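A structural walkthrough
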Amino acid sequence: MNAAAVASDRSRRVRVAAREWRAAGVAGDDAVAAVDRLYPDDRLRFGLVMRLVLFVFTLVAVSAAAGLTFLVVDPGGVLVFLGAALWAVTELLAGAFRFHGGGADEATALSSVGFLCAGVAWVADKSGVHSTSTAVLVVGLALLCVSAAVAWRLGEPLFGGLAVVGLAVALTQAHAPRLAWLAVAGIAVPLLERIRHSRDPAPSHRDAAEVAIFLFAALAYFAANLWSFDARTLESFTSGVPAPVLFPRALAAALTALLPAAALAAGALRRDRMWLWVGALMTAASAVTLRHYWRVAPLWALLVAVGAVLGALALLLQRWLDAGPSRERRGVTARPLFERGLVEPAEIVAALATLAPAARPLPPESGFKPGGGTFGGGGASESF
Amino acid sequence: MTPEVASAVEALVREGVLAPDRAALPLRFARGEVLSVRTELRTLLWLGVTLIVSGVGLLVRENLDRIGPVAIAVVLGVGAAACLLWVARTADRFSWLEQPSPNLAFDYVLLLGVTLLGADLAFIEVKFTPLGANWPWHLLATSAIFAVLALRFDSRMVFSLALSTFAAWRGVSMGTLARAPLGRWDPALLRANAIACGVLFVAAGAVLLRTRRKPHFEPVAAHIGWLLLLASLAAGMLDDAAAPPWAVWATVLLAVGGALAWRAARARRFWLFAIGLLGAYAALGRFVVEAVGGNTPRQIWFLLSSIALVVVLVGLRRRLEDAP
């Protein structure tokens, strides 16, 4: 990202915040207009929907271009060139056309990463790398390098995550992959946390660091999880002789319990939403792991009990926070602050996906076919 | 923490754009000194309801013989009644306009009550068959009850369940539309029902908006309706055995999708714009694929048409701008 792009990125944060203030009734239209004047943003951006539409149509164009190319040239040999050409298009879009978060630039960048990695795999294969382990290592490292470069050049958070995925893939071929995942996450998370909380990086770079931290935390948890340890999940990725584990089972059991608690504590003490979510997801995974080893109750009873506990916990937390001075406890509040209005649409979509009834069967196309139908309504399934 | 926003708030206060007392909260928020966990609490409540409903479903399925149908029906009914009674006692006076929830738990207890009620009605119908051969009508009754509860307690989530239950009565869901070509049931009847449901939902949304009766429910009805309508037209277009032939379906899809995209763009309703545009593009693509032979011209069409669309959409940025 050049200086102008970074300045626009910072301005955009202020413009977005101004709209959130207006939605919360803290600022009026004149304040938002003043912010727009004082913090100009010269990048070409779109909101979520238009960004998705442009992303999809650009992917269609890229696929068609690749299909046309493959009709006349051997696909393997041209992959790296296609990747490089798409990288150039991305640079053009981000530079001359000032795209940032415009959907099209993200689609060309993603395609570029895909073609470059596929090209590297092809080159490795043609260079006599016949060992699966080496090929996986090469592709993983290629994904790490190319994605990190895109994240740095464009400041797209997605590519911060892809870089972590590349590193994780490469590390599966390490001598002790489980220990390697834990060690790398242990080193990377504090370093990335410094970037995330620093003033100097562009906001988009901070976002990329946040996505990378999230994934490093997930990797560390997966490496430490007791079920993952017992099932030798990571060791089975190594081709040939299974890799050694190199740390005791008791440590895995302890980490399965301690990592969620540590993440939740970090989130609560530092008022950090990302660590709260990391902790909540780890807690859910640890609960499932516990259930796997200790069948304490029938599943239905467990579901009802956990559901009731979650509901009660939410309400108790809300009451406790509301009872604090200024309806806060250590800076944490249950009041709505500057939240975007995406929660309710997400709830409606989730309700339709999980609680909507099964459709009744219509008559078959021709003739009578006995066999009964399905029943349901308001969340009921057909099988009582 | 957003350092540039914190600096901006201080600068805006100095320039007199923001009053110091009004700037205090945004400043604390930008500095990371205050965090709202409301979204997290709502997620916990939603998850709680989903787990309870899943657990109850499992209980009924696994223990039907041991507990007995009457006991299950009574327990489900009592659970639903308890939730809905609490909701009725807690709710504010009825209004045709949008009302804020009286408390955080309200929407979720209502959702729990509604899903338990729906499950109870379905269970009673399956086990005691009061409607006999007319059993699907219980879905219509359930849909009507959900709609009444949604209107009374101002819940868009329950309203969406009412619409999906109505569609289920007509045999329609996105799942059945996707599986229609597999021939499990009459695809023509399914498509006709889906189109009818789509048109009805869109019309219902328009009526709500025009009469100012729960106008904030209109987006739910419009989005589900347009999605059903365009998905059923697309299903007809992709079914080579369909009558009328695919060209008729494609023409209608092109016209309806194009009109929707045009109107939605003017009204800055971006999801509807995206649905309409994708429908129209798919229909146009089908015509081109059928008209030209061979892979190369088809690839050229998709390359040029998608680039042209991207250029046009970027050119229309001012009109379509939905980002700050």
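Residues numbered from 1 in each chain as written. Chains lettered and ligands numbered in written order. Predicted model: local features only at pLDDT ≥ 70, side-chain atom pairs only at ≥ 80, totals over all residues.

Of the regular secondary structure elements, chain B holds 14 helices and 1 strand. Taken over C-alpha atoms, the radius of gyration comes to 25 Å for chain B, far larger than the 20 Å a tight globule of 324 residues would show. Of all 324 residues assigned to chain B, the portion counted as buried reaches 45%. For chain B, contacts bridging at least 24 residues in sequence account for 56% of all contacts bridging at least 6. (Helix = DSSP H or I, 4+ residues; strand = E, 2+ residues; numbered from the N terminus. Rg over C-alpha atoms; globule rule 2.2 N^0.38 Å. Buried ≥ 20, exposed ≤ 12 C-beta atoms within 10 Å, placed from the backbone. Contact = placed C-beta atoms within 7 Å.)

So, on to the overall build of chain A. Across its full length, chain A holds 14 helices and 2 strands. If one aligns the C-alpha atoms of chain A with their principal axes, the spans along those axes are about 65 × 65 × 60 Å. Residues classed as buried in chain A amount to 43% of the 384 residues present. Within chain A, residue pairs in contact and separated by at least 24 positions form 61% of the contacts whose partners lie at least 6 positions apart.

Now for helix α2 (residues 20-30) of chain B. Those residues of α2 of chain B not exposed but buried are A23, P26, L27, F29 and A30 of chain B. Along the axis of α2 of chain B, the buried residues cluster in a sector spanning 160°; they form a single face. Where α2 of chain B is buried, its residues meet α1 (3-23) of chain A together with α1 (3-14) of chain B. (Arc of directions from axis to C-beta.)

Split into domains, chain B comes out as domain 1 (1-35), domain 2 (40-163) and domain 3 (170-324). Put simply, the middle of domain 1 of chain B and the middle of domain 2 of chain B, counted by C-alpha atoms, are 44 Å apart. (Domains from an automatic or database assignment.)

Taken residue by residue, the interface counts 102 residues in chain B and 90 residues in chain A. The greatest single-element share of the side of chain B that touches chain A, amounting to 25 residues, is contributed by helix α3 (residues 38-67) of chain B. Looking at the side of chain B that touches chain A, its residues break down into 64 nonpolar, 24 polar and 14 charged. The sheet contact formed by strand β2 (residues 332-333) of chain A and strand β1 (residues 35-36) of chain B spans 2 bridges and is parallel. Note on β1 of chain B: the bridge partner recorded for T333 of chain A is S36 of chain B. (Nonpolar A, V, L, I, M, F, W, Y, C, P; charged D, E, K, R; others polar. Pairing = 2+ DSSP bridges.)

Here 3 strands make up an open sheet; going across it, the order is β1(A)-β2(A)-β1(B) and the pairing mixed. Each end of this open sheet is capped by a strand with a single partner; those strands are β1 (328-329) of chain A together with β1 of chain B. Alignment of β1 of chain A against β2 of chain A, held across 2 bridges, turns out to be antiparallel. Its bridge partner lying in β2 of chain A, R329 of chain A is registered against V332 of chain A.

All names here are of chain B. It is the contact of α1 with α2, at a shortest axis distance of 9 Å, that shows an interaxial angle of 170°. Comparing their axes, α2 and α1 come out roughly antiparallel. From α1, V5, A6, V9, L12 and V13 reach across to α2, where they touch P20, A23, P26, L27 and A30. Among the residues making up the contact of α1 with α2, the classes are represented as 10 nonpolar, no polar and no charged. (Axes fitted to C-alpha atoms, helices over the stretch in contact; angles between N-to-C directions. Parallel < 35°, antiparallel > 145°, perpendicular 65-115°, else oblique.)

So, on to the nonpolar core. The biggest cluster of nonpolar side chains holds 170 residues, and the ones touching the most others in it are W181, A212, F216 and A220 of chain A together with V158 of chain B. Among the elements that take part in this core, helix α9 (residues 203-224) of chain A stands out by supplying 15 residues, more than any other. For this core, the domains that each give at least three residues are domain 2 (40-163) and domain 3 (170-324) of chain B. V158 of chain B has contacts with L110, L111, V114, F146, L149 and A150 of chain B, leaving out every residue within four places of it along the chain. (Core = buried A, V, L, I, M, F, W, Y, C linked by C-beta atoms within 7 Å.)

Right, let's talk about unusual backbone geometry for a bit. Excluding glycine, a negative phi dihedral is what most residues carry, and trans is how most peptide bonds are arranged. All names here are of chain A. Of note in this structure, R98 is not a glycine but carries a positive phi near 55°. A positive phi is found at R271, a non-glycine position, where the angle reads about 50°. Along the polypeptide, R271 turns up in the loop between α11 (249-269) and α12 (273-293). A residue is classified by how many C-beta atoms lie within 10 Å of it, and R271, with 19 of them, is partly exposed.

At their nearest, the axes of α1 of chain A and α1 of chain B sit 9 Å apart, and the two run at 65° to each other. The orientation of α1 of chain A with respect to α1 of chain B, classified from their angle, is roughly perpendicular. Crossing handedness for the pair α1 of chain A and α1 of chain B: right-handed. Contacts between α1 of chain A and α1 of chain B involve R10, R13, V14 and A17 of chain A from the first element and E4, V5 and A8 of chain B from the second. Among the residues forming the contact of α1 of chain A with α1 of chain B, the class breakdown is 4 nonpolar, no polar and 3 charged. (Left-handed = near helix turned anticlockwise from the far one by under 90°.)

Our focus in this paragraph is the confidence of the model for chain A. Per-residue confidence for chain A gives a mean pLDDT of 88; residues scoring 70 or more make up 92%. In this model residues 367-384 of chain A is a low-confidence stretch, pLDDT under 50, and it forms 58 contacts with partners more than four residues away in sequence or in other chains. (pLDDT = per-residue confidence, 0-100.)

Before going further, it helps to spend a moment on the environment of V199 of chain B. Looking at the element boundaries, V199 of chain B is found in helix α9 (residues 187-211). For V199 of chain B, a count of 14 C-beta atoms within 10 Å translates into the label partly exposed.

What follows deals with the confidence of the model for chain B. Low-confidence regions, as indicated by low pLDDT, have predicted coordinates that should not be scrutinised in detail. The pLDDT averaged across chain B works out to 89; a share of 94% of its residues lies at or above 70. In the model output, the complex is listed with pTM 0.86 alongside ipTM 0.85.

Residue and element names in this part refer to chain B. For helix α6 (residues 137-153), with 17 residues, the first-to-last C-alpha span of 24 Å sits near the 24 Å given by 1.5 Å per residue. Buried within α6 are the following residues: H138, L139, T142, S143, F146, L149, A150 and F153. Down the axis of α6, the buried set is contained in an arc of 140°. They therefore lie on one face. Turning to α6, the residues buried within the fold contact α4 (69-90), α5 (106-128) and α7 (156-169). (Expected span 1.5 Å × (residues − 1).)

Let us look at the environment of R51 of chain A. Residues and elements named next belong to chain A. Looking at the element boundaries, R51 is found in helix α3 (residues 48-72). A C-alpha to C-alpha distance of 5.5 Å links R51 and G102, two positions 51 residues apart in sequence. Setting aside chain neighbours within four positions, we find R51 in contact with F46, G101, G102 and G103.

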